[in-house]
Amino acid sequence: MAGLVYSDIDLRGAFQYNKRKKEKTVMEVKEKLALLADVLEVEDELTPEMVLSEIDEYNSMAKLSLIVMMSDEFSKKLTNEEIKSFVTVQDILNYME
Amino acid sequence: MEVQVYVYRMTETRVLRKRRESEYGRKLLYDAVKRQYGIALASDDIMLSKQGKPYFTEDAQGKIKERNDGLGCYFSISHSGEYVVCAIADTEIGCDIQRTRKIPSNLYPVFLEMKACFGIESTEWSEEVQTELWTKYESLGKYMGCGIPIDIKDLESVVGNVCFGVSREIDEYIISVCITKGKNVEIVLYEK
């Protein structure tokens, strides 16, 4: 009986932890999207599935701005080849770790 | 030397423009070569370098040389806003068009480096000055065939070997072309 109680507590704890983790992940994605929207200077809201080649503001100046942001915020040196490999907004989000 | 810049104004919505700008750029190039040399090019006459810079195949260059006193043809395509431009010349070339705009604030330090690299001493820092500097920077990157030149210091040795031409004939837009030094640049616009 006691085991079941502990088990329930463990499960509740695990559930709370996963919930917090999920909320944190969602928040992080939102933050990244906001940062990206700021860098690309887009007027509309960005979503992870958006195709970069269809975003009007995703031009060469935005790409240089992205390179500088990656260096400043994530200490990552983004190359031209890596930029070319980005197809969707999600690809950039994956790089923002 | 004369650099011909062919211009096309897209009339579609923003989304459609973005989808079709590459297609329009290619059409402009075909029209330019047809008009200049009387040659109808096919899609397999153009190749892409490892860095993604398009160029004519040897076969296509051969056909052009026959009609251009033994000189080849080089080209560069650029888009911004409603416009697509294609510049052609008989020397290696890079071209960029940009709607006049303020640069993103996180690029200020990079622009200061660019300004020093291009030897611009003016203290004026208007949107026009910023945009012209950008178009020169990007046309140089295209001339070099390296995409966006990330390290500005790498440009310093190249800047001395090229010259630039700038056009402000289209309202709110600036066009820069970059060619090998030793030739004068005269931009002639052809609107389609």
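(A) Fine view of the nonpolar core. Grouped together as the largest cluster of nonpolar side chains are 45 residues, with contacts concentrated most on Leu66(A) and Met114(B). Going through the elements one at a time, helix H1 (2–40), helix H2 (60–74) and helix H4 (89–95) of chain A together with helix H3 (108–117), helix H4 (127–144) and helix H5 (156–159) of chain B are the ones with two or more residues in this core. In contact with Leu66(A), other than residues within four places in its own chain, are Leu36(A), Val39(A), Tyr58(A), Leu78(A), Phe86(A) and Ile92(A). Grouped together as the second largest cluster of nonpolar side chains are 21 residues, Tyr6(B), Met10(B), Tyr24(B) and Ile39(B) included.

(B) Up close: the layout of surface pockets. Reported here for the second largest pocket is a volume of approximately 310 Å³. Together, 16 residues line the second largest pocket, and Val68(A), Ser71(A), Val110(B), Glu113(B) and Ile150(B) are the ones closest to its centre. Elements supplying a minimum of two residues to the lining of the second largest pocket: H2 of chain A together with H3 of chain B. Looking at the lining of the second largest pocket residue by residue, the classes come out as eight nonpolar, two polar and six charged.

(C) The arrangement of the packing of H3(B) against H4(B) in detail. Residue and element names in this part refer to chain B. At a minimum axis distance of 10 Å, the contact between H3 and H4 shows a crossing angle of 70°. In this view, H3 runs roughly perpendicular relative to H4, as classed from their interaxial angle. On H4, the residues touching Phe111, Met114 and Lys115 of H3 are Gln130, Leu133, Trp134 and Tyr137. Considering only residue class, the contact of H3 with H4 consists of five nonpolar, one polar and one charged.

Calculation criteria
Residues numbered from 1 in each chain as written. Chains lettered and ligands numbered in written order. Predicted model: local features only at pLDDT ≥ 70, side-chain atom pairs only at ≥ 80, totals over all residues. Heavy atoms only, no water. Core = buried A, V, L, I, M, F, W, Y, C linked by side-chain atoms within 4.5 Å. Buried < 20%, exposed > 50% of the residue type's maximum accessible area, 1.4 Å probe, protein only. Helix = DSSP H or I, 4+ residues; strand = E, 2+ residues; numbered from the N terminus. Contact = heavy atoms within 4.5 Å. 1 Å grid on protein atoms, 1.4 Å probe; cavity = no way out; pocket = protein on both sides within 12 Å on 5 of 7 lines; lining within 4 Å. Points joined across faces, edges and corners; volume = space filled by probe spheres on them. Nonpolar A, V, L, I, M, F, W, Y, C, P; charged D, E, K, R; others polar. Axes fitted to C-alpha atoms, helices over the stretch in contact; angles between N-to-C directions. Parallel < 35°, antiparallel > 145°, perpendicular 65-115°, else oblique.

Shape descriptors only; they carry no functional weight alone.
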